[in-house]
Amino acid sequence: MLKVVFHIDEMQVWPRLMSNLDNFLEQKPDSDLKVIVNGDAVTKVLDSVIQTFIETHSTIDFLICHNALHSHQMIDSQISKPAKVVPAGVVTIAELEADGYSYIKP
């Protein structure tokens, strides 16, 4: 099983990320995928298209950076499940890479 962490930090990259995730799952449906969302990309998490994508891709862990939320005047409680808030996205990326996850930034 492949273990991959995708990293998004720009708003305009969401469509490419979603396409990459769908393509990846089509080829390797049993993969362990995680998405770290930080930077300006956190502001799109509340968009209905993004929320629907997250909700319909329950096999992917979407991890939203608390620090990025805070820097964009957002609060943790705005993030609905199944997405989860992590204290620091960059630390989570480093931890996942140390655990053997491959890093992809669309």
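Owing to the predicted nature of the structure, the values given are computational and were not obtained by experimental measurement.

Caption draft 1: Representation of the pairing of strand S1 (residues 3–8) within the structure. With five of six residues buried, S1 is to be regarded as a mostly interior element. Both S1 and strand S2 (residues 32–37) contribute to a ladder of six bridges, which runs parallel. When the sheet's bridge partners are listed, Val 5 is paired in S2 with Lys 34. Considered for its hand, the β-α-β crossover made up of S1, helix H1 (residues 14–27) and S2 is right-handed. Relative to strand S5 (residues 102–104), S1 is paired through three bridges, and the arrangement is parallel. Paired with Phe 6 across the strands is Ile 104, a residue of S5.

Caption draft 2: Region of interest: the nonpolar core. Judged by nonpolar contacts, the single largest core of 28 residues is most densely connected at Trp 14, Leu 21, Val 35, Val 37 and Phe 62. Contributions of two or more residues to this core are made by S1, H1, S2, helix H2 (48–56), strand S3 (60–65) and helix H3 (66–71). The element contributing the most residues to this core is H1, with six residues. Among residues more than four places away in sequence, those in contact with Trp 14 are Ile 8, Val 37, Ala 41, Lys 44, Val 45, Ile 50 and Phe 62.

Caption draft 3: Region of interest: the sheet that holds S3. Strand order in the open sheet formed by five strands is S4-S3-S2-S1-S5, with parallel pairing between adjacent strands. With one partner strand each, in any of the chains shown, strand S4 (84–86) and S5 form the two edges of the open sheet. Shown here is a sheet whose adjacent strand axes are inclined to one another by a mean of 30°, direction ignored. The pairing of S2 with S3 spans five bridges and is parallel. Its bridge partner lying in S3, Val 35 is registered against Phe 62. Relative to S1, H1 is tilted by about 170°, and along the sheet it contacts S1, S2, S3 and S5.

Caption draft 4: Quick look at H2. For H2, the set of buried residues is Ile 50, Phe 53 and Ile 54. Here the buried residues of H2 occupy an arc of 95° about the axis, which is enough to place them on one side. Away from the buried face of H2 by more than 90 degrees, exposed residues Ser 48, Val 49 and Thr 56 are located. Those residues of H2 that are buried lie in contact with H1 and S3. In this structure Asp 47 caps H2, since a side-chain oxygen of it lies 2.9 Å from the backbone nitrogen of Val 49.

Caption draft 5: Geometry of the packing of aromatic side chains. Taken as a whole, this structure holds two aromatic pairs when the rule is applied. Considering the side-chain rings of Phe 6 and Phe 24, the 5.9 Å spacing of their centres and the 90° angle between planes classify their relative orientation as edge-to-face. Linking Phe 6 in strand S1 with Phe 24 in helix H1, this pair joins segments that are 18 residues apart in sequence. As far as the burial class goes, Phe 6 and Phe 24 line up, both buried. Their ring planes at 85° and their centres at 6.3 Å tell us that Phe 53 and Phe 62 sit as a pair that is edge-to-face. A single burial state applies to Phe 53 and to Phe 62, both of which are buried.

Criteria and thresholds
- Residues numbered from 1 in each chain as written.
- Predicted model: local features only at pLDDT ≥ 70, side-chain atom pairs only at ≥ 80, totals over all residues.
- Heavy atoms only, no water.
- Buried < 20%, exposed > 50% of the residue type's maximum accessible area, 1.4 Å probe, protein only.
- Helix = DSSP H or I, 4+ residues; strand = E, 2+ residues; numbered from the N terminus.
- Pairing = 2+ DSSP bridges.
- Right-handed = clockwise from strand over helix to strand, strands pointing away.
- Core = buried A, V, L, I, M, F, W, Y, C linked by side-chain atoms within 4.5 Å.
- Contact = heavy atoms within 4.5 Å.
- Axes fitted to C-alpha atoms, helices over the stretch in contact; angles between N-to-C directions.
- Arc of directions from axis to C-beta.
- Polar contact = N/O pair within 3.5 Å; in protein donor to acceptor, adjacent residues only side chain to side chain.
- Phe/Tyr/Trp six-rings, centres within 6.5 Å; stacked < 30°, edge-to-face > 60°.

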